[in-house]
Amino acid sequence: MKKITPTLSEQLRDGNLFAAECPSREVLKHVTSRWGVLILVALRNGTHRFSDLRRKMGGVSEKMLAQSLQALEQDGFVNRVSRPVVPPHVEYSLTPLGEQISDRVAALADWIELNLPEVMATREERESRVA
C-alpha cells in the first residue's frame, strides 16, 4: 500500500518539529533560549518590572532581555502592561499559555539543577582524559 505524503501546508498546520519550515521551531527557539527559560521561570513568581527581571537574571543585556520578552510576548506566553506614569512603568507576567509552558520549562530547569553534580563530574572526567 502506497503511503500518502502530506502536503507542505498540511505539515505546517499539523506541525513537524523536524521539518525546516515548521513554525514550532521558532517557538521552541524562543522558549528554550538561555534568556527565554530564565524569563519563564522568573515570571512563575508573579509580575515583574523590566528592571527587576534584569537584576534577577545576571548577565543579560537590556537589548537581549527586551528581545526575549518581545518574542515570548508575540508567542502569547508573556503579557506586557505599560502604566502611563513618569517614569514609564512596564510590567510583565505570564499568560495562561505562558503558565503552561513555564511549568514544563521549570521541570527541565529543576532536572538540570538536580543532576548538575553528575553532569559536572562527567565533564571533568572527560576533560581529564583529553588533557
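Per-chain numbering applies: the sequence of each chain, read as written, is numbered from 1 onward. Side-chain atom pairs in this predicted model are given and counted only at pLDDT of 80 or more, local residue features only at pLDDT of at least 70, and totals for whole chains, interfaces and linings cover all residues. Side-chain metrics rest on all non-hydrogen atoms present in the structure, leaving aside hydrogens and water.

K.L.:
So what about the packing of helix α3 (residues 34-42) against helix α5 (residues 62-74)? Which residues, and what values?
P.N.:
It is the contact of α3 with α5, at a shortest axis distance of 9 Å, that shows an interaxial angle of 70°. Compared by their axis directions, α3 and α5 come out roughly perpendicular. For the pair α3 and α5, contact is made by Trp35, Gly36, Ile39 and Leu40 and by Met64, Leu65, Ser68, Leu69 and Leu72, respectively. Following the grouping adopted for this structure description, the nonpolar residues are Ala, Val, Leu, Ile, Met, Phe, Trp, Tyr, Cys and Pro, the charged ones are Asp, Glu, Lys and Arg, and the polar ones are all others, Gly among them. Of the residues assigned to the contact of α3 with α5, the class counts are 7 nonpolar, 2 polar and no charged. Interaxial angles span 0 to 180 degrees and are taken between N-to-C directions of axes, which are lines fitted to C-alpha atoms, for helices over the stretch in contact. Helix and strand definitions follow DSSP, with helices as H or I runs of at least four residues and strands as E runs of at least two, each counted in order from the N terminus. Under this scheme an angle from 65 to 115 degrees is roughly perpendicular, one under 35 degrees roughly parallel, and one over 145 degrees roughly antiparallel; angles in between are oblique. Contacts between residues were defined by any pair of non-hydrogen atoms, one from each residue, lying within 4.5 Å.

K.L.:
Residues and numbers for unusual backbone geometry, please.
P.N.:
Following Val86, the chain continues into Pro87 via a peptide bond in cis, with omega recorded as -5°. As for its placement among the helices and strands, Pro87 is situated in the loop between β2 (78-83) and β3 (89-94).

K.L.:
Outline the pattern of salt bridges, listing residues and values.
P.N.:
Pairing between side chains of opposite charge can happen when their charged atoms approach one another. Whenever Lys or Arg places a side-chain nitrogen within 4 Å of a carboxyl oxygen from Asp or Glu, that contact is recorded as a salt bridge. Tallying each qualifying case throughout the model produces 6 salt bridges. Between Arg54 and Glu62 there is a salt bridge, and its shortest N-O distance comes to 3.4 Å. Taking the relative accessible area as the measure of exposure, Arg54 reaches 34% and is therefore partly exposed. The buried label applies to any residue whose accessible area, calculated with a 1.4 Å probe on protein chains only, is under 20% of its type's maximum; exposed applies above 50%, and partly exposed to all values in between. Take Glu62: its relative accessible area is 49%, and that puts it in the partly exposed class. For the salt bridge of Arg129 with Glu125, the shortest nitrogen-to-oxygen distance reads 3.2 Å.

K.L.:
Go over the sheet that holds β2, please, and point to the residues and values.
P.N.:
Here, a strand pair is defined by DSSP locating no fewer than two bridges between the strands. Here 3 strands make up an open sheet; going across it, the order is β1-β3-β2 and the pairing antiparallel. Pairing within the sheet leaves two strands with one partner each, and these edge strands are β1 (48-49) and β2. Relative to β3, β2 runs antiparallel, the two being bridged by 6 bridges. The partner of Val81 across the bridge, within β3, is Glu91.

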